[in-house]
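Listed below are the residues making up each chain.
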Amino acid sequence: MALSPTFKDGIKKRRSGSTLSKSRPSGRRVEGLIIAIDGPSGAGKSTVARFLAKRLGYLYIDTGAMYRAVALKVKEKFIDTEDESALYLLASSLFITFVTEGEETHILCGGEDVTEAIRLPEISRLASAISKKKSVREALVQKQREMGRKGGVVLEGRDIGTVVFPDADIKFYLDAETEERGRRRFNELVKKGVEVDFKETLEEVMQRDHNDMHRVHSPLKKAGDAVLIDSTHRSIKGVVEEMAHIVEERIEDRVKSYEL
Ligand code: DC
């Protein structure tokens, strides 16, 4: 049987008046699928997640930017990084939103655009340190679940498929060789006019990998049911195409199962 275009669009497009809610017994993910993209820094998650979200008409949530925003405020407010209750209070009280304009996604924290400020190396280090804290993770995971619960979202981070949405509709684990990830991070910073050394950047990437993979709470790891994609020798376009193809197939399968 031919697929109903209205039904397909209902699953695909987040803000176009979905028909999925009428057909899905649970009525939970009324605005589309939940897509999780996890992996180490520099694997290309942000870029592919943004393109994939745009292609699907979904909301893009950069959860790393949320940890960075908390780090920025910790610094500005001189909060003790060992004080778990102060950290929880701060992280849970921040009003974080994402605004996508053309190719760029801005992160607003209490209305203030912090997109540039959160990318500085000092904030990267602080974000890595505070993301180990249970209090910060609890506050941000709660926010991420709230933002994504209706579906129609692409969430990108380290623990999306394992902790935030273990029942995500599709999980990807995007990886790349360490040298290549260091080179990408280096080029990104140079492009932004930040003075950096390649060796130092590579060491920082390795240090952050180690921190992310060995922390007690929600360490970075591939979910058992995640699709592994290595982006080392691949173009962004190629990776997005592969992901989009997998998503489209999943949508078609869902539509068929509703029609039976
Ligand atoms: O993806 P990123 O480099 O912008 O992430 C910033 C830091 O936040 C990084 O050290 C890993 C951490 N992070 C995390 O612990 N869990 C997430 N879901 C996303 C990021």
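Just so you know, these numbers come straight off a predicted model, no measurement behind them. (Residues numbered from 1 in each chain as written. Predicted model: local features only at pLDDT ≥ 70, side-chain atom pairs only at ≥ 80, totals over all residues. Heavy atoms only, no water.)

Caption draft 1: Expanded view of helix α5 (residues 84-93). Along α5, the residues that are buried comprise Leu-87, Leu-90 and Ala-91. Buried residues of α5 fall within an arc of 95° about the axis and therefore sit on the same side. Seen from the open side of α5, the exposed residues pointing more than 90 degrees away from its buried face are Ser-85, Leu-89 and Ser-93. Elements in contact with the buried residues of α5: α4 (63-76) and α7 (134-148). (Buried < 20%, exposed > 50% of the residue type's maximum accessible area, 1.4 Å probe, protein only. Helix = DSSP H or I, 4+ residues; strand = E, 2+ residues; numbered from the N terminus. Arc of directions from axis to C-beta. Contact = heavy atoms within 4.5 Å.)

Caption draft 2: Up close: the packing of helix α3 (residues 45-56) against helix α11 (residues 236-259). Where α3 contacts α11, the axes come no closer than 9 Å and their chain directions differ by 50°. Judged by the inter-axis angle, α3 sits oblique to α11. Classified by chirality, the crossing of α11 by α3 is right-handed. Seen from α3, the contacting residues are Thr-47, Val-48, Phe-51, Leu-52, Arg-55 and Leu-56; seen from α11, they are Ile-236, Val-239, Val-240, Glu-241, Met-243, Ala-244, Val-247 and Glu-248. (Axes fitted to C-alpha atoms, helices over the stretch in contact; angles between N-to-C directions. Parallel < 35°, antiparallel > 145°, perpendicular 65-115°, else oblique. Left-handed = near helix turned anticlockwise from the far one by under 90°.)

Caption draft 3: Up close: the nonpolar core. One finds Val-70, Ile-96 and Ile-107 to be the most contacted residues of the largest nonpolar core, which totals 36 residues. Top contributing element to this core by residue count: α4, with eight residues. Judged by nonpolar contacts, the second largest core, of 24 residues, contains Ala-43, Val-154, Val-240 and Ile-246. (Core = buried A, V, L, I, M, F, W, Y, C linked by side-chain atoms within 4.5 Å.)

Caption draft 4: How the structure looks around the packing of α4 against α7. Across the interface, α4 lies against α7 with an axial gap of 11 Å and an inter-helix angle of 135°. For the element pair α4 / α7, the angle class is oblique. Crossing of α4 against α7: the hand is right-handed. Contact residues: Thr-63, Met-66, Tyr-67 and Val-70 in α4; Val-136, Arg-137, Leu-140, Val-141, Lys-143, Gln-144 and Met-147 in α7.

By themselves, these are just geometric observations and shouldn't be taken as functional.
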